[in-house]
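Per-entry structural report
Residue-level listing of the chains:
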Amino acid sequence: MLLIHGTLATQTDLGLIRDGAVALRAGRILWAGAMADLPDALAQDDVTDLQGRLVTPALIDCHTHLVHGGNRAREFEMRLSGASYEDIARAGGGIVSTVTATRAASEDDLLAQALPRLDALIAEGIATLEIKSGYGLDIETELRMLRVARRLAQMRPVRIRTTFLGAHAVPAEYRGRADAYLETVCLPALRAAHAEGLVDAVDGFCEGIAFSPDQIARVFAEARALHLPVKLHAEQLSHLGGTRLAADHGALSADHVEYATETDAQAMARAGTVAVLLPGAFYALRETQAPPVAAFRAHGVPMAVATDLNPGTSPMNSLLLAMNMACTLFRLTPDEALSGVTLHAARALGLDDCGAIAPGLRADLAIWNADHPAELSYRFGFNPLHRRIFGQDA
Ligand code: DI6
Ligand code: FE
């Protein structure tokens, strides 16, 4: 397949190529560059004229809780009348209420609830996404969530990376006994899920209402023993030192990071840890502390942008909206927002075969009814996707 006369946002040193072409073969990018440089040998079969349309790498949503039972509209109402997210969590609502709904749902129920959410992301040009467990908090339901995530990838043309998030919250039956929960449920669930091939990475929620850095360190030690990469929900509501812990463990990413400091940014830069910015949660919680974007830039910390799609703090089913919010709320440039949902999102998942338009990478592309990359972040509530190309079908 040969795409001609497109504007290519390559995410490589070649930058933006006006009047470019991309050749695809056997699910991979064979060649990308200016029309003027197109090798004769490629100017043959199955040509599609893009008529100047923008081409980007297919988008990557590197942080979602897409598989879950029920919704939290009632909690939304409570927060609007003054209750804080932490108040609700301490009163047994919040994450724990989604746990009740998720435990009650069969594998098929969870699948049926997840599919429309997945389809909406695919319709925005997403080819790779991450899905976390963490609403089961018992061995059986954590495994069920991950099995559903794996099944979704068989039902739709999309690549899914699974993340084990057993250390998301302490379930009601272990209230006040977080260490016992980790020992008897979380770590055995991780080992069982890994044995079943259900885990690509391990995550945790390091927060006053969840787990301390010492407790997360136990989970990370187990991940290391299983040779699994780690990532962490860190510094979302307060500064507890999770970002530092994540960097010290060579984490793929530290996510949220609103309360991270310049020192944290330096540690992340040294470790190559990506800062995953989640403006949907910032917005929904009416948070006022924005992540230290200037420090991330100054120290060369790659920034990714994701939906955090979840029923509590980010019931947002649009990565394009996340890009807009990252610009408007966190002052990313539109170029940074695009790198955040392509190149840097791939890195946050430990993937090096996607996220840019370059020879050898997967032929995962998004073609837009747009002239310039900034248009993707500028509009909101509008989807300009013309066509998505999913590598292995190309
Ligand atoms: N931080 C979040 O924003 C989500 N999980 C987390 O650790 C929220 C999950 C929820 O409220 O259901
Ligand atoms: Fe999250």
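Quantities reported herein were computed from a predicted structural model and do not represent experimental measurements.

Attention shifts here to the overall build of the protein chain. Each helix and strand counted, the protein chain has 15 helices and 15 strands in total. Here the C-alpha radius of gyration of the protein chain, 21 Å, is about what a compact globule of 394 residues would show, namely 21 Å. Taken over the C-alpha atoms alone, the protein chain extends approximately 70 × 40 × 40 Å along its principal axes. A total of 394 residues make up the protein chain; the buried ones form 60% of that total. When the accessible surface of the protein chain is split by element, carbon and sulfur atoms take 52% of a total near 14600 Å². Across the protein chain, the centroid of the 34 positively charged side chains sits 3 Å from that of the 46 negatively charged ones.

We now examine the coordination of the iron ion (ligand 2). Protein-derived coordination of the iron ion (ligand 2) comes from His-63 (NE2), His-65 (NE2), His-233 (NE2) and Asp-308 (OD), at a distance range of 2.1 to 2.2 Å. Coordination at the iron ion (ligand 2) is irregular, judged from the 4 donor atoms that bind it and the angles of 81 to 165° they form at the metal. Site description for the iron ion (ligand 2): donor spacing in sequence, H-x1-H-x167-H-x74-D. Pair noted here: His-65 is in the loop between β6 (59-61) and α1 (73-80) and His-233 is in strand β10 (residues 231-234), with a separation of 168 residues, a long-range link. One exposure class covers both His-65 and His-233, and it is buried.

Taken as a whole and judged by the stated rule, the model has 22 salt bridges. Here Arg-244 ties to Asp-248 by a salt bridge, and the two come within 3.7 Å at their closest N and O atoms. Taken together, the positions of Arg-244 and Asp-248, both in helix α8 (residues 242-248) and 4 residues apart, correspond to about one turn of that helix. A relative accessible area of 34% places Arg-244 in the partly exposed class. Between Arg-379 and Glu-375 there is a salt bridge, with the nearest N and O atoms lying 3.6 Å from each other.

Right, let's talk about the packing of aromatic side chains for a bit. How two aromatic rings sit relative to each other is set out by the distance from centre to centre and by the angle between their planes. Considering all chains together, one arrives at 3 aromatic pairs under this definition. Note on Tyr-174 and Tyr-181: the rings are 5.8 Å apart at their centroids and 65° apart in plane angle, and the pair reads as edge-to-face. Just as Tyr-174 is buried, Tyr-181 falls in that class too. With centroids separated by 4.9 Å and ring planes inclined at 80°, the aromatic side chains of Phe-282 and Phe-330 adopt a geometry described as edge-to-face. Residue Phe-282 is found in helix α10 (residues 279-284), and its partner Phe-330 is found in helix α12 (residues 319-330); the two are separated by 48 residues along the sequence. Each member of the pair, Phe-282 as well as Phe-330, is classed as buried.

Our focus in this paragraph is the nonpolar core. In terms of nonpolar packing, the biggest core is built from 97 residues, with Leu-66 and Leu-152 touching the most fellow members. The dominant element in this core, judged by the number of residues it contributes, is helix α6 (residues 178-195), at 9 residues. Residues within four places of Leu-152 in sequence aside, it is in contact with Leu-66, Val-67, Leu-111, Ala-114, Leu-115, Leu-118, Ile-131 and Ile-160. Ranked by size, the runner-up nonpolar core spans 18 residues in total, among them Leu-8, Ile-357, Ala-358 and Ile-389.

Turning our attention to unusual backbone geometry. What you tend to see is this: most non-glycine residues have negative phi, and most peptide bonds are trans. Even without being a glycine, His-256 presents a positive backbone phi close to 85°. If you trace the backbone, His-256 turns up in strand β11 (residues 253-256). Accessibility expressed as a relative area gives 1% for His-256, which makes it buried. Positive phi, normally seen in glycine, also occurs at Asp-308, with a value near 60°. Within the fold, Asp-308 resides in the loop between β13 (303-305) and α12.

So, on to helix α5 (residues 139-155). The end-to-end C-alpha distance of α5 is 25 Å, a good match for the 24 Å that 17 residues give at a rise of 1.5 Å each. Every buried residue belonging to α5 is among Thr-141, Glu-142, Leu-143, Arg-144, Met-145, Leu-146, Val-148, Ala-149 and Leu-152, and all of these are buried. Check the buried side of α5 and you find it contacts α3 (95-104), α4 (107-122), β7 (126-132), β8 (159-167) and α6.

Tallying each qualifying case throughout the model produces 0 disulfides. The closest cysteine sulfur to the non-disulfide-bonded Cys-206 is located on Cys-186, 13 Å from its own sulfur. Judged by its relative accessible area of 1%, Cys-206 is buried.

Next up on the list: the site of ligand 1. Neighbouring ligand 1 are 14 residues, the closest being Arg-72, Tyr-85, Tyr-135, His-168 and Thr-313. Here His-256 contributes a side-chain N or O atom positioned 3.4 Å from an oxygen atom of ligand 1. Its free accessible area being 320 Å², ligand 1 has 100% of it covered by the protein chains. Its residues assigned to classes, the shell around ligand 1 comprises 4 nonpolar, 8 polar and 2 charged.

Calculation criteria
- Per chain, residues are indexed from 1 in the order of the written sequence.
- Note on labels: chains are lettered from A, ligands numbered from 1, in written order.
- pLDDT decides what is reported in this predicted model: residues at 70 or higher carry local features, side-chain atom pairs at 80 or more are listed and counted, and totals for whole chains, interfaces and linings draw on all residues regardless.
- Here the side-chain values reflect all heavy atoms present in the structure, with hydrogen atoms and water set aside.
- Counting from the N terminus, the helices are the DSSP runs of H or I reaching at least four residues and the strands are the DSSP runs of E reaching at least two.
- Each radius of gyration is computed over the set of C-alpha atoms, and the globule rule expresses the reference value as 2.2 Å times the number of residues to the power 0.38.
- Think of it in three bands: with a 1.4 Å probe and only protein chains considered, a residue is buried below 20% of the maximum accessible area for its type, exposed above 50%, and partly exposed in between.
- Every accessible area reported is derived by Shrake-Rupley at a probe size of 1.4 Å, with residue values counting cover from the shown protein chains alone.
- Neither His nor the chain ends is counted toward charge; the positive residues are Lys and Arg and the negative residues Asp and Glu.
- Where a charge lies is defined by one atom per residue type: Lys uses NZ, Arg uses CZ, Asp uses CG and Glu uses CD.
- Metal-coordinating donors are taken as N, O and S atoms lying within 2.8 Å of the metal, or within 3.2 Å when the metal is Na, K or Ca; because water is left out, some sites can appear incomplete.
- For a four-donor site, all angles between 85 and 135 degrees give tetrahedral; for four or six donors, opposite pairs above 155 degrees with the remaining angles between 65 and 115 give square planar or octahedral; all remaining cases count as irregular.
- Salt bridges, as used here, are contacts in which a Lys or Arg side-chain nitrogen is within 4 Å of a carboxyl oxygen on Asp or Glu.
- A pair of aromatic rings is counted whenever rings of Phe, Tyr or Trp (Trp by its six-membered ring) have centres within 6.5 Å, and the orientation is called stacked for planes under 30 degrees apart, edge-to-face for over 60 and tilted otherwise.
- For the purposes of this section, nonpolar cores are sets of buried Ala, Val, Leu, Ile, Met, Phe, Trp, Tyr and Cys residues that join through side-chain atoms within 4.5 Å.
- Residue contacts are defined here by distance: any two heavy atoms, one from each residue, within 4.5 Å place the two residues in contact.
- One less than the number of residues in a helix, times 1.5 Å, gives the span that helix is expected to have.
- Two cysteine sulfurs form a disulfide in these notes if their separation is within 2.5 Å.
- When at least one non-hydrogen atom of a residue lies within 4 Å of a molecule or strand, that residue is treated as near it.
- Here a polar contact is taken to be a pair of N or O atoms separated by no more than 3.5 Å, where protein atoms must pair a possible hydrogen donor with a possible acceptor and residues adjacent in sequence count only if both atoms sit in side chains.
- When residues are grouped by polarity, Ala, Val, Leu, Ile, Met, Phe, Trp, Tyr, Cys and Pro land in nonpolar, Asp, Glu, Lys and Arg in charged, and all others, Gly among them, in polar.

By themselves, these figures tell us nothing about what the structure is for.
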